[in-house]
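Inside the fold
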Amino acid sequence: DLSTMTCIEDLRRVYKRRVPRMFYDYCDSGSWTESTYRANIDEFQTIKLRQRVAVNMTGRTTRSTMIGQDVAMPVALAPTGLTGMQHADGEILAARAAKAFGVPFTLSTMSICSIEDVAEHAGPGFWFQLYVMRDRDYIERLIDRAKAAGCSALQLTLDLQILGQRHKDIKNGLSSPPKPTLANMINLATKPRWCLGMLGTKRRSFGNIVGHAKGVGDMSSLASWTAEQFDPELNWGDVEWIKKRWGGKLIIKGIMDAEDARLAADSGADALIVSNHGGRQLDGAPSSIAALPSIAQAVGKDIEVWMDGGIRSGQDVLKARALGARGTMIGRAFLYGLGAYGELGVTRALEIIRRELDLTMAFCGRTDIDTVDEGILLPGTYPKP
Ligand code: HOC
């Protein structure tokens, strides 16, 4: 019964039981010592809210806009690799849930369902996330496919030209689909719902790179494929040609430094995302919430600033808003719902976050998310530029 799922942690516990170990680990871990991955979550907790009383709390709204697009709350679903391995047809289900809820869904380049699958089964209007590869013809084809599918924004990720070292994925022999080893078979035997789902779909490997990455399936082939394919010479000049080729709304993801933020603003992109890739790339980087204020200050109103990393509740969304993020993105928080209950689980995760956001906003004496600023935070408890 989904009504007993009252916080994201409830969904995570069910998710952990239902999804094969290698995909749980792939989602719920960071690189190296995982210190950045943990800091993303923990540092939200050190920020304290100012409780206000006797303020009229009627007529509240969490509705806002992200790059001019109306959203039910300032939260979008982040691009997450291998989402269709967390649940059969995961990208389609998450895109549907997001659309019905009124928040954007972002499809990863490294998804299981392809751009065309999602467009066909969930409709147009989703966002597409792009990794930059050496093969420019292929990049152009991906951009053109996203356009043809009716994607309404392109999210360009700049922080993954090489892969952070993820110990668990290597040890687990992460692959899509899982290889029929004895260890995998034993683990899969305890995941009947997941197995049934996978038997019922043909989408079990990377949908967008089919034909471009023959033989890529397991983690070692993927890591070497990434090293071979992703462009280590990527620079701001490339951002310019991608922007031109795409011709629509452009979001730059992976900014952790005020100087880079200025470059992103100068590139003419519509939004930048303060992100350390969920603590999956450079371990030892600061948490996203700690990096946010100086980045917001560096760019002012020249570009929309969003953030991701560590959001597990609507309270986190509110704190990010207060520190200058017009928008936020959730990755693991929706994947927990997806792996646990499919489309309904994603909807539940969004409901949980919206309810927490709405209630917290009311306790802080605000009724409109667009009026939220630093004033809702207790001085001395939050990061400053
Ligand atoms: C193993 C997949 O954003 C992640 C994703 C996708 C990375 C590409 C390689 O795992 O952080």
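It should be noted that the structure appears before, not after, this text.
Structural notes, computed from the coordinates. Residue positions are counted from 1 within each chain, in the order its sequence is given. It should be noted that, the model being predicted, local features are given only for residues of pLDDT at least 70 and side-chain atom pairs only at 80 or more, the latter also being counted only at that level, while totals for whole chains, interfaces and linings use all residues. The basis for the side-chain values is all heavy atoms of the structure; hydrogens and waters are excluded.

Right, let's talk about the overall build of the chain for a bit. Tallying secondary structure elements over the chain gives 17 helices and ten strands in all. Relative to the compact-globule value of 21 Å for 385 residues, the chain shows a C-alpha radius of gyration of 20 Å, a close match. Across its three principal axes, the chain shows a C-alpha extent of roughly 60 × 50 × 40 Å. Counting across all 385 residues of the chain, residues that qualify as buried make up 58%. We call two residues contacting when some pair of their heavy atoms lies within 4.5 Å. Taking all contacts inside the chain whose residues are at least 6 apart in sequence as the whole, residues at least 24 apart take part in 76%. Reported accessibility uses the Shrake-Rupley method at a 1.4 Å probe radius. Residues are deemed covered only where the shown protein chains occlude them. Counting only carbon and sulfur atoms, one obtains 53% of the accessible surface of the chain, whose full area is about 15500 Å². The distance from the centre of the 47 positive side-chain charges to the centre of the 44 negative ones in the chain is 6 Å. Helix and strand definitions here come from DSSP, where helices need a minimum of 4 consecutive H or I residues and strands a minimum of 2 consecutive E residues; each element is numbered from the N-terminal end. Atoms counted for the radius of gyration: C-alpha only. Globule rule: 2.2 Å times residue count to the power 0.38. Each residue is assigned to one of three classes by its accessible area relative to the maximum for its type, calculated with a 1.4 Å probe on protein chains only: buried under 20%, partly exposed between the two thresholds, exposed over 50%. Positive charges come from Lys and Arg alone, negative charges from Asp and Glu alone, with His and the N- and C-terminal ends not counted. Charge positions come from single atoms, namely NZ of Lys, CZ of Arg, CG of Asp or CD of Glu.

With that settled, the discussion passes to the packing of helix 5 (residues 90–101) against helix 6 (residues 115–122). Two numbers describe how helix 5 lies on helix 6: the axes approach to 9 Å, and their chain directions differ by 45°. Considering their axes alone, helix 5 and helix 6 lie oblique with respect to each other. Where helix 5 crosses over helix 6, the two elements pack in a sense that is right-handed. Contact residues: helix 5 offers Glu91, Ile92, Ala95, Arg96 and Lys99, while helix 6 offers Asp117, Val118, His121 and Ala122. Of the residues assigned to the contact of helix 5 with helix 6, the class counts are four nonpolar, one polar and four charged. Axis definition: a line fit to C-alpha positions, over the contact stretch in the case of helices; interaxial angles, taken between N-to-C directions, run 0 to 180 degrees. Oblique is the label for any angle not under 35 degrees, not over 145, and not in the 65 to 115 range, which are roughly parallel, roughly antiparallel and roughly perpendicular in turn. Left-handed is the label given to a crossing in which the near helix is rotated counterclockwise from the far helix by less than a right angle, and right-handed is the label when the rotation is clockwise. Three classes are used, and their members are as follows: Ala, Val, Leu, Ile, Met, Phe, Trp, Tyr, Cys and Pro are nonpolar, Asp, Glu, Lys and Arg are charged, and the others, Gly among them, are polar.

Here the focus is the site of the ligand. Taken together, the residues surrounding the ligand are Tyr26, Met110, Tyr131, Leu160, Leu163, Arg166, Leu222, His277 and Arg280. Contact between the ligand and Tyr26: an oxygen atom at 2.5 Å from a side-chain N or O atom of the residue. A distance of 2.9 Å is found between an oxygen atom of the ligand and a side-chain nitrogen or oxygen belonging to Arg280. Across the shell around the ligand, the residue classes break down as six nonpolar, one polar and two charged. The nearness test applies per residue and asks whether one of its heavy atoms lies within 4 Å of the molecule or strand. Any pair of N or O atoms that falls within 3.5 Å is considered a polar contact. Within protein, one atom must be able to donate a hydrogen and the other to accept it, and sequence-neighbouring residues count only if both atoms are side-chain atoms.

Its location among the elements puts Ser175 in the loop between helix 8 (167–172) and helix 9 (182–188). A relative accessible area of 2% means that Ser175 is categorised as buried. Engagement of the side chain of Ser175 in a polar contact is seen with the backbone oxygen of Pro177, the distance being 3.1 Å.

Before going further, it helps to spend a moment on the pattern of salt bridges. A side-chain nitrogen of Lys or Arg and a carboxyl oxygen of Asp or Glu constitute a salt bridge if their distance falls within 4 Å. Counted under the stated rule, the structure contains 23 salt bridges. A salt bridge links Lys168 to Glu34, with the nearest nitrogen and oxygen atoms 3.3 Å apart. Taken as a pair, Lys168 in helix 8 and Glu34 in the loop between helix 2 (21–27) and helix 3 (35–45) lie far apart in primary sequence, 134 residues in all. Classification of Lys168 as partly exposed rests on a relative accessible area of 34%. We classify Glu34 as buried; its relative accessible area is 14%. The salt bridge partner of Asp358 is Arg60, with a shortest N-O separation of 2.8 Å. Note that Asp358 is positioned in helix 17 (residues 343–363) and Arg60 in the loop between helix 3 and strand 1 (64–66), a separation of 298 residues in sequence. Its relative accessible area of 29% is what places Arg60 among the partly exposed residues. Put simply, Glu9, Asp10, Arg12, Arg13 and Asp28 are held in one network by salt bridges that share partners.

The criterion for an aromatic pair is that two Phe, Tyr or Trp rings (for Trp, the six-membered ring) have centres within 6.5 Å, with stacked assigned to planes under 30 degrees apart, edge-to-face to planes over 60 apart and tilted to the rest. Overall, the coordinates contain five aromatic pairs when judged by the stated rule. Pairing Tyr15 with Tyr24 gives two aromatic rings, centres 5.6 Å apart and planes at 50°, and the pair type is tilted. You'll find Tyr15 and Tyr24 in the same group, each marked buried. Considering the side-chain rings of Tyr131 and Phe230, the 5.0 Å spacing of their centres and the 35° angle between planes classify their relative orientation as tilted. With Tyr131 in the loop between strand 5 (127–130) and helix 7 (136–148) and Phe230 in the loop between helix 11 (219–229) and helix 12 (236–246), this residue pair connects regions lying 99 residues apart in the sequence. For the pair formed by Tyr131 and Phe230, the shared burial category is buried. A connected cluster of aromatic rings, assembled from ring pairs, spans Tyr15, Tyr24 and Tyr336.

Attention now goes to the sheet that holds strand 6 (residues 153–157). At least two bridges found by DSSP between two strands is the condition for calling them paired. Taken in spatial order, the eight strands line up as 3-10-9-8-7-6-5-4 in an open sheet, and their pairing is parallel. Only two strands of the sheet have a single partner each, and these edge strands are strand 3 (75–77) and strand 4 (106–107). The pairing of strand 8 (residues 271–274) with strand 9 (residues 304–308) spans four bridges and is classified as parallel. Considered in strand 9, the bridge of Val274 is made with Met307.

This part covers the pairing of strand 10 (residues 327–330). Side chains Gly327 and Met329 project from strand 10 onto one buried face, and the interleaved Thr328 and Ile330 project onto a second face that is buried too. Examined bridge by bridge, strand 3 and strand 10 share three bridges and lie parallel to one another. In the sheet register, Ala76 faces strand 10, and the bridge partner there is Met329. Orienting the strands away from the viewer, one traces the path from the first strand over the helix to the second; a clockwise path indicates a right-handed crossover. At this point the chain moves from strand 9, through helix 15 (residues 314–322), to the parallel strand 10, and the crossover so formed is right-handed.

Covalent bonding between the sulfur atoms of two cysteines is what defines a disulfide. Cysteine sulfur atoms are paired as a disulfide whenever they come within 2.5 Å of each other. Scanning the entire structure with this criterion turns up zero disulfides. Note on Cys195: no disulfide assigned, nearest cysteine sulfur contributed by Cys113 at a separation of 17 Å. Sulfur of Cys364: no disulfide; nearest cysteine sulfur belongs to Cys7 and is 19 Å away.

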